[in-house]
Amino acid sequence: MRQEIDAIRQSSRRLVRELGFLRRGLAGTTLSPSAVHTLVELMQTDLTAKNLASLLLLEKSSVSRLLAKLSEDGLLAEESDDGDKRRKRLFLTDKGVALAAAIDRYADNQVSRALTTCDPGRRRLIREGLNAYADALAEVRTGASSAPPEVEIVSGYRPGCIGAIAGLHARYYSRRWKFGAAFEAKVASGLAEFIGRASRTCNEIWLAVQGDDIVGSAAIDGEDLGDGKAHLRWVIVEERMQGRGLGRRFMQRALEFSDRNDFKEIHLWTFAGLDPARALYERSGFKLQEEWLGHQWGAEVREQRFMRTRTLPR
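Here's what I pulled together on the structure shown here. (Residues numbered from 1 in each chain as written. Predicted model: local features only at pLDDT ≥ 70, side-chain atom pairs only at ≥ 80, totals over all residues. Heavy atoms only, no water.)

One pass over the structure, following the stated rule, counts zero disulfides. Of all cysteine sulfurs, the one in Cys-161 lies closest to Cys-202, which takes part in no disulfide; the gap is 17 Å. (Disulfide = S-S within 2.5 Å.)

On to the sheet that holds strand β10 (residues 301–309), then. Strand order in the open sheet formed by seven strands is β4-β5-β6-β7-β8-β10-β9, with mixed pairing between adjacent strands. The sheet is open, and its two edges are formed by β4 (151–155) and β9 (287–294), each paired on a single side. Taking each pair of neighbouring strands and ignoring which way they run, the sheet shows an average axis angle of 20°. As defined by bridge partners, β4 adjoins strand β5 (residues 204–210) across five bridges and the pair is classed as antiparallel. The residue bridging Ile-153 from the neighbouring strand is Ala-208, located in β5. (Pairing = 2+ DSSP bridges. Helix = DSSP H or I, 4+ residues; strand = E, 2+ residues; numbered from the N terminus. Axes fitted to C-alpha atoms, helices over the stretch in contact; angles between N-to-C directions.)

Another point: the packing of aromatic side chains. Within the structure shown, the criterion is met by 13 aromatic pairs. When the ring of Tyr-172 is compared with that of Tyr-173, the centres are 5.0 Å apart and the planes differ by 90°; the resulting orientation is edge-to-face. For the pair formed by Tyr-172 and Tyr-173, the shared burial category is buried. Between Tyr-173 and Phe-179, the ring centres sit 5.8 Å apart and the planes meet at 10°, which makes this aromatic pair stacked. The two residues Tyr-173 and Phe-179 agree in class, both being buried. Put simply, the rings of Tyr-172, Tyr-173, Trp-177, Phe-179, Phe-183, Phe-271 and Trp-297 touch in pairs and so form one group of aromatic residues. (Phe/Tyr/Trp six-rings, centres within 6.5 Å; stacked < 30°, edge-to-face > 60°. Buried < 20%, exposed > 50% of the residue type's maximum accessible area, 1.4 Å probe, protein only.)

Topologically, Arg-233 is positioned in strand β7 (residues 229–237). Within polar-contact distance, the side chain of Arg-233 engages the side chain of Asp-221 at 2.8 Å. Non-local contacts of Arg-233, meaning those with residues more than four positions away in its chain, are made with Arg-197, Ala-218, Ala-219, Asp-221 and Asp-224. (Polar contact = N/O pair within 3.5 Å; in protein donor to acceptor, adjacent residues only side chain to side chain. Contact = heavy atoms within 4.5 Å.)

Across all of its chains, the model carries 17 salt bridges by this definition. Across the pair Arg-197 and Asp-221 runs a salt bridge, and its minimum N-O distance is 2.8 Å. Of the two residues, Arg-197 is situated in the loop between α8 (181–195) and β5 and Asp-221 in strand β6 (residues 213–221); the sequence distance between them amounts to 24 residues. Glu-282 is the partner of Arg-278 in a salt bridge, and the nearest nitrogen-oxygen pair spans 2.9 Å. Of this pair, Arg-278 and Glu-282 both sit in helix α10 (residues 275–283), separated by four residues, roughly a single helical turn. For Glu-282, a relative accessible area of 39% translates into the label partly exposed. Beyond isolated ion pairs, a larger network of salt bridges with shared partners links Glu-193, Arg-197, Arg-200, Asp-221, Glu-223, Asp-224 and Arg-233. (Salt bridge = Lys/Arg side-chain N within 4 Å of Asp/Glu carboxyl O.)

With that settled, consider a positive patch on the surface. On the surface, a cluster of positive charge is made up of Arg-9, Arg-13, Arg-14 and Arg-17. Summarising the element assignment, Arg-9 is placed in helix α1 (residues 2–19). (Patch = residues over 30% accessible without salt bridge, like charges linked within 9 Å, V, L, I, M, F, W, Y side chains within 5 Å. Areas by Shrake-Rupley, 256 points an atom, 1.4 Å probe, with all protein chains shown as cover. Lys, Arg positive; Asp, Glu negative; His and termini not counted. Charge placed at Lys NZ, Arg CZ, Asp CG, Glu CD.)

Attention now moves to helix α9 (residues 246–260). An α-helical turn contains 3.6 residues, so a residue and the one three or four places further along point in the same direction. The terminal C-alpha atoms of α9, which comprises 15 residues, lie 21 Å apart, in line with the 21 Å expected from a rise of 1.5 Å per residue. Buried within α9 we find Leu-246, Gly-247, Phe-250, Met-251, Ala-254, Leu-255, Phe-257 and Ser-258. One face of α9 carries all of its buried residues, which in axial projection span an arc of 165°. A positive phi of about 60° marks Asp-262, the residue just after α9. (Expected span 1.5 Å × (residues − 1). Arc of directions from axis to C-beta.)

So, on to the layout of surface pockets. Taken as a whole, the second largest pocket spans an internal volume of roughly 1,100 Å³. Surrounding the second largest pocket, 40 residues form its lining, His-169, Tyr-173, Val-235, Leu-274 and Tyr-281 being those nearest its centre. Looking at which element gives the most residues to the lining of the second largest pocket, the answer is β7, with seven residues. Considered class by class, the residues forming the lining of the second largest pocket number 22 nonpolar, ten polar and eight charged. (1 Å grid on protein atoms, 1.4 Å probe; cavity = no way out; pocket = protein on both sides within 12 Å on 5 of 7 lines; lining within 4 Å. Points joined across faces, edges and corners; volume = space filled by probe spheres on them. Nonpolar A, V, L, I, M, F, W, Y, C, P; charged D, E, K, R; others polar.)

Rendered as structure tokens:
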């Protein structure tokens, strides 16, 4: 936990610096960050001073000073609400609209330029990570914090699992190993073929499910190798869920299923560099049988085949 806290705080400080909050002239203006934020929000929706204080998480006195300064600069005005004369609606003047539009263009360009350096998987990670962190902070502040749904390991097909599992593989291996479309297509087509026969007694697939999300998978294919051999396939856990023992739970299910079905061997194919996965396999009795240089995924890796032999009781 300490390492996670330090890493998140360091990233937060970097984000503040990179966005320009420590420099004079945020977003190309001479305004304070709260003033810039106010102009952008007023472009999106109608607000009152009370709404604005709630949105910016500022005291009423601070908001009053902020609004007075923006009005003095000719950027903001107020008018009475027709339905409630005591309620003052805030709106941007023509000068304010022009400045807010310039700020909006500046911010769009800043984000756009950053995203051009990222592949789709990294862009998704940025979007979801920022949303999740902002939500977590808000939940703690408001007291609405609640534990996420428990992760359940379920067996058998679930609607959407082919796309979900292929997506987990594609995003992880694209970020870490630069695998591309050929890899994702091969995972998806293999899964689609397997799911058509997954209900047979010699086959099984397990899914890690959190709420409506599939966050991991593993399968035993008891047919494609033949001769009493099982094939362990599609073992993956979403990165944010790693370190919670899901891989160990998948492996336990797979080994118990294989032993019940009297498979004398379990084989799996992987490649060098996936060290946590290899440690899990070796703790479960798998041993490296062979390795070779391969290019089938679009990048050169040292492919490996592991095998576990069942020890039958005497």
